[in-house]
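Chain by chain, the residues:
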Amino acid sequence: MKKLLVLSTAMTTLGFAASAADITVLGWGGAYTQSQIEAYHKPFTARTGINVISADADNPATPIKAMVEAGNVTVDVASVDYADALRLCDEGLLELIDAATLPPAPDGTPAIDDFLPGAVTDCLVSTDVYSTVYAYDTTRYPENPPTTVADFFDLEKFPGKRGIRKGAKGTLEMALLADGVAPADVYAVLSTPEGLDRAFAKLDTIKAETVWWEAGAQPPQLLADGEVAMTVAWNGRIFNAAVAEGKPFRIVWDGQVYELEGFVIPKGAPNRDAAMEFIRFATGTEPLAHAAEWISYGPPRKSSAPLVGLYQDGKTEMAPNLPTSPQNMTNALASDYGFWVDRDTELNERFNAWLAAN
């Protein structure tokens, strides 16, 4: 039996307790959680008899931090952004994970060599590569549609409301990319006062026409409701809306900001050994490839990529829809985790002050 518990990021506890035969895995909800249920949870339960309870949060790092600090941890595994995993690990809020215990590739290659560089850290095992992109409603621009990140900021050529995540991370980078900064230079520019001013000046050009969102389910809904003509979004959410639900949405990959996310174990998890067993299973070659057949996020293991096949509709090739596909990597930016670990609080304070100003 599976239970689904939806949390807001303001919540600090989960209002239930799992039995000894259960583990609780906290994810992001929507198509993302569904991909994990199908690729990880169900086959893990079938193999081990350990039931997996799925719980969701707008950003799982927030309730994890609150639980550990309160000494009331009710989650065994959580899916978090790479930068959040580094921060929580540095703060001593996560259990350490021994990479040597992770399953090797089918050809015997040790896991640490099979994963993409940096994908396994002291406290995190990555599960996917996702990206922040923008997407548009094709019915709004039937001729000469947008093709570049700069087009997102061009209200004259492409009129209509814009949707943007209410936060600094990803938003500031896309503003600079749209302003002509090369991906290799984005973080050097953003590290200077002048560069930061430049990013906010670019955002000023569309601020009055922007709808701000906070949860991943909102961007496709904003497009579907006609509240925006284009929106920044996580690529998997748009893929699900377009392919699984038949919505007239299209992703623009130019200027995508891609990053890793994965599983962590909160410090004091009630079922630590079972949690580690789950992570070892879920981050094997085949489960990671299977997950990419449910949602368009790239697997972080090299041995998984050749195994990714068709989407669940039986006809859509997943490879062209993954952030890691070569044709989608033109003008792409790898999120700088160290930059955000160091400057997340500072830049979000600046962002919120800018947002509140007239």
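Above this note sits the structure.
Conventions we followed
Residues numbered from 1 in each chain as written. Predicted model: local features only at pLDDT ≥ 70, side-chain atom pairs only at ≥ 80, totals over all residues. Heavy atoms only, no water. Core = buried A, V, L, I, M, F, W, Y, C linked by side-chain atoms within 4.5 Å. Buried < 20%, exposed > 50% of the residue type's maximum accessible area, 1.4 Å probe, protein only. Contact = heavy atoms within 4.5 Å. Salt bridge = Lys/Arg side-chain N within 4 Å of Asp/Glu carboxyl O. Helix = DSSP H or I, 4+ residues; strand = E, 2+ residues; numbered from the N terminus. Phe/Tyr/Trp six-rings, centres within 6.5 Å; stacked < 30°, edge-to-face > 60°. Lys NZ or Arg CZ within 6 Å of the ring centre and 35° of its normal. Lys, Arg positive; Asp, Glu negative; His and termini not counted. Polar contact = N/O pair within 3.5 Å; in protein donor to acceptor, adjacent residues only side chain to side chain.

Chemist: Explain the nonpolar core to me, please; I cannot follow it from the model alone.
Modeler: Counting 106 residues, the largest nonpolar core has Leu172, Phe278 and Ile279 as the members making the most contacts within it. Residues contacting Ile279, with those up to four places away along its chain left out, are Val77, Ile97, Val125, Phe263, Val264 and Ile265. In terms of nonpolar packing, the next biggest core, distinct from the first, is built from seven residues, Ala289, Ala292, Tyr311 and Met318 among them.

Chemist: I keep staring at the pattern of salt bridges and nothing clicks. Help me out?
Modeler: Where charged atoms from two side chains of opposite charge come close, those side chains can pair. Taken as a whole, this structure holds 15 salt bridges when the rule is applied. The partner of Glu259 in a salt bridge is Lys169, with the nearest N and O atoms 2.5 Å apart. Note that Glu259 is positioned in strand β9 (residues 249–264) and Lys169 in the loop between β6 (162–165) and α5 (171–178), a separation of 90 residues in sequence. Side by side, Glu259 and Lys169 carry an identical accessibility label, which is buried. Of the charged contacts, one joins Asp179 and Lys202 as a salt bridge, the two residues approaching to 3.9 Å between their closest N and O atoms. Within this pair, whereas Asp179 is found in the loop between α5 and α6 (186–190), its partner Lys202 is found in helix α7 (residues 193–204), the two being separated by 23 residues in sequence. Using a relative accessible area of 18% as the deciding quantity, one classes Lys202 as buried. Residues joined by salt bridges that share partners form a network here, namely Lys65, Glu69, Asp84, Arg87 and Glu91.

Chemist: How should the packing of aromatic side chains be read in this particular structure?
Modeler: Describing an aromatic ring pair means giving the distance of the ring centres and the angle of the ring planes. The final tally for this structure, using the stated rule, is 20 aromatic pairs. Pairing Tyr134 with Phe152 gives two aromatic rings, centres 5.1 Å apart and planes at 50°, and the pair type is tilted. You can see Tyr134 sitting in strand β5 (residues 125–137) and its partner Phe152 sitting in the loop between β5 and β6, a full 18 residues away along the chain. Judged by its relative accessible area of 0%, Tyr134 falls in the buried class. Here Phe152 falls in the buried class, since its relative accessible area comes to 2%. Grouped by ring-pair contacts, the aromatic residues Tyr40, Phe44, Phe263, Phe278 and Phe281 constitute a single cluster. One Lys or Arg, Arg162, reaches over the ring of Phe152 and ends 5.7 Å from the middle of that ring. Sitting over the face of the ring of Trp354, Lys207 holds its NZ or CZ atom 4.4 Å from the ring centroid.

Chemist: Mind showing me how you'd approach the side chain of Thr171 here?
Modeler: Tracing the backbone through its elements, the reader meets Thr171 in helix α5. A relative accessible area of 7% places Thr171 in the buried class. In this view, Thr171 contacts Ile164, Arg165, Leu203 and Phe351; residues no more than four positions away in its chain are not counted.

Chemist: What is the right way to read the side chain of Asp128 from this model?
Modeler: Within the secondary structure layout, Asp128 lies in strand β5. Although buried, Asp128 forms no salt bridge, and the nearest oppositely charged side chain, Arg237, lies 11 Å from it. Looking at Asp128, its side chain comes within polar contact range of the side chain of Tyr32, at 2.8 Å. Looking at Asp128, its side chain comes within polar contact range of the side chain of Thr127, at 2.8 Å. Apart from residues no more than four positions distant in its own chain, Asp128 is found in contact with Tyr32, Glu259, Leu260, Glu261, Tyr297, Gly298 and Pro300.

Chemist: Explanation requested: unusual backbone geometry in the structure shown.
Modeler: Only a minority of non-glycine residues have a phi that is not negative, and only a minority of peptide bonds are not trans. Even without glycine at this site, Asn144 takes up a positive phi of about 50°. Non-glycine residue Asn331 carries a positive phi angle of around 60°. Of note, Asn331 is situated in the loop between α11 (285–291) and β10 (333–334).

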